[in-house]
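# Analysis of the macromolecular model
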Amino acid sequence: MLKRDTIYQELARRIGSGVWKPGDKLPAEPVLCRELGVARVTLRAALDQLADEGFLSRSRPAGTIVTIPDAAKKKVLVIPADSSGQPEISRPELYIIPGIERRCMELNMEMEIINSVFLPPELPENYLGVILLACDFNGREKILGKVRSLNVPLVNAHTFPHDPQVTGLPSVLTDFRSAFLAGLTHLTQMGHRKIGFVMNKWKTAEKRFDIPMREFPGFLKKAGAAFEDRFLIQVPRVDADFSEELRALLFSDDPPTALYAYSDYFAMTCCNLLKEWGVRIPEQIAVMGFSGYTSAALQSPPLSTVDFGYARIGRIAVDMLRQHEQWFGKTVPLVYSPYDVIPRHSTDFFRMDFSGNAKRGGRKIQDTSCKTQDAREKFE
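All values derive from a computational prediction rather than experimental measurement.

### Concerning the overall build of the protein
- Of the regular secondary structure elements, the protein holds 12 helices and 14 strands.
- Once the C-alpha set of the protein is aligned to its principal axes, its extents read approximately 95 × 45 × 35 Å.
- Looking at the 380 residues of the protein, the share that counts as buried comes to 48%.
- Sequence separation of 24 or more characterises 72% of the internal contacts of the protein that already satisfy a separation of 6 or more.
- Accessible surface, the protein: about 18700 Å² in total, of which carbon and sulfur atoms supply 50%.
- The centroid of the 49 positive side-chain charges in the protein is displaced by 3 Å from the centroid of its 46 negative side-chain charges.

### So, the pairing of strand β10 (residues 258-261)
- Of the two faces of β10, the one lined by Ala 258 and Tyr 260 and the one lined by Leu 259 and Ala 261 are each fully buried.
- Sheet analysis places strand β8 (residues 195-200) next to β10, joined by four bridges and oriented parallel. Residue Val 198 lies in a different strand from β10, and its bridge partner there is Ala 261.
- Pairing of β10 with strand β11 (residues 286-288), which is carried by three bridges, proceeds in the parallel orientation. Note on β11: the bridge partner recorded for Leu 259 is Val 287.

### Quick notes on the packing of helix α1 (residues 3-16) against helix α3 (residues 40-52)
- Here α1 crosses α3 at 50 degrees, and the two axes come no closer than 8 Å. Taken together, the axis directions place α1 and α3 in an arrangement best described as oblique. In terms of crossing hand, the pair formed by α1 and α3 is right-handed. Across from Lys 3, Arg 4, Ile 7, Tyr 8, Leu 11, Ala 12 and Ile 15 in α1, the residues of α3 making contact are Thr 42, Leu 43, Ala 45, Ala 46, Leu 47, Gln 49 and Leu 50.
- The residue makeup of the contact of α1 with α3, split by class, is 10 nonpolar, two polar and two charged.

The rules behind these values
Residues numbered from 1 in each chain as written. Predicted model: local features only at pLDDT ≥ 70, side-chain atom pairs only at ≥ 80, totals over all residues. Heavy atoms only, no water. Helix = DSSP H or I, 4+ residues; strand = E, 2+ residues; numbered from the N terminus. Buried < 20%, exposed > 50% of the residue type's maximum accessible area, 1.4 Å probe, protein only. Contact = heavy atoms within 4.5 Å. Areas by Shrake-Rupley, 256 points an atom, 1.4 Å probe, with all protein chains shown as cover. Lys, Arg positive; Asp, Glu negative; His and termini not counted. Charge placed at Lys NZ, Arg CZ, Asp CG, Glu CD. Pairing = 2+ DSSP bridges. Axes fitted to C-alpha atoms, helices over the stretch in contact; angles between N-to-C directions. Parallel < 35°, antiparallel > 145°, perpendicular 65-115°, else oblique. Left-handed = near helix turned anticlockwise from the far one by under 90°. Nonpolar A, V, L, I, M, F, W, Y, C, P; charged D, E, K, R; others polar.

Right, dumping it as structure tokens:
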């Protein structure tokens, strides 16, 4: 056996036995040459072979680092929700997946995405587990049967409050009720009492926020906000047009001083409509989002929001899979991901209110989107 082959086998043994673990930096070549009793040319030949096979990464600034061959890397399979017909910007999985991918890269793992329609009956052994990105289950969905039959560690990320009880799956959740209250508190602390709400249909909204409609007025009152039925705009679908309802509310005799949306997508849609109508944000009306899309900060003005930390949710889901030996087949862990209120310019205008009613200082606003005299409306 050639000396190079002997050195190769010794180095491979150290990697395979865990003496050198993935991420470890090998000793400098002169040190290894002395330890192994070989010339540098022989050592380099063995190192080059291990690098070609994917066990080492070699670069001048970093040195020689132990890695894992691509074929042996653990993989995480991601199954997004069926979001057909939903605007791309409004799909949470598009913000969660980058967090999953970055965490996998940090851990020298791979991420793969598959449509649930093409999910195989079983996965190869090098799959660490599955991350499902879906919510609002009723228990009869076909996807639940498919993922359960895989018999691998599975985490459902970004769920509604009722989902863990329905699915029985380990889950990453956001406390939407508390998060919604935090955003509402930001608005009331900025002097707003009359707040308009642009919501998904309440049947969906109440499941997300865990607030029955009959309790909503009391929920707002505790936060210091008033409620009137006309302040609630329910949007039947994410892509539905609610401009007429919003216009009627804003140009009424007694409009709200702020808008709080079910999602950043609804909030950004409101902002576009307001600018089209010549309404100034936040001087004439404040706008608050809810979700934390990366594009919220790029709006004009930048959108205040309650940020769920979508990328962080993805990272948490990966780490839960890594710790599956502690819970797989034993228990159903539930992890709540933190949220943050992000105040930006869209709510950056404090309203003094000495009478108990939100006011706009007597400003009159003309709807510049319409040329007829009837379009002249005012904010009281």
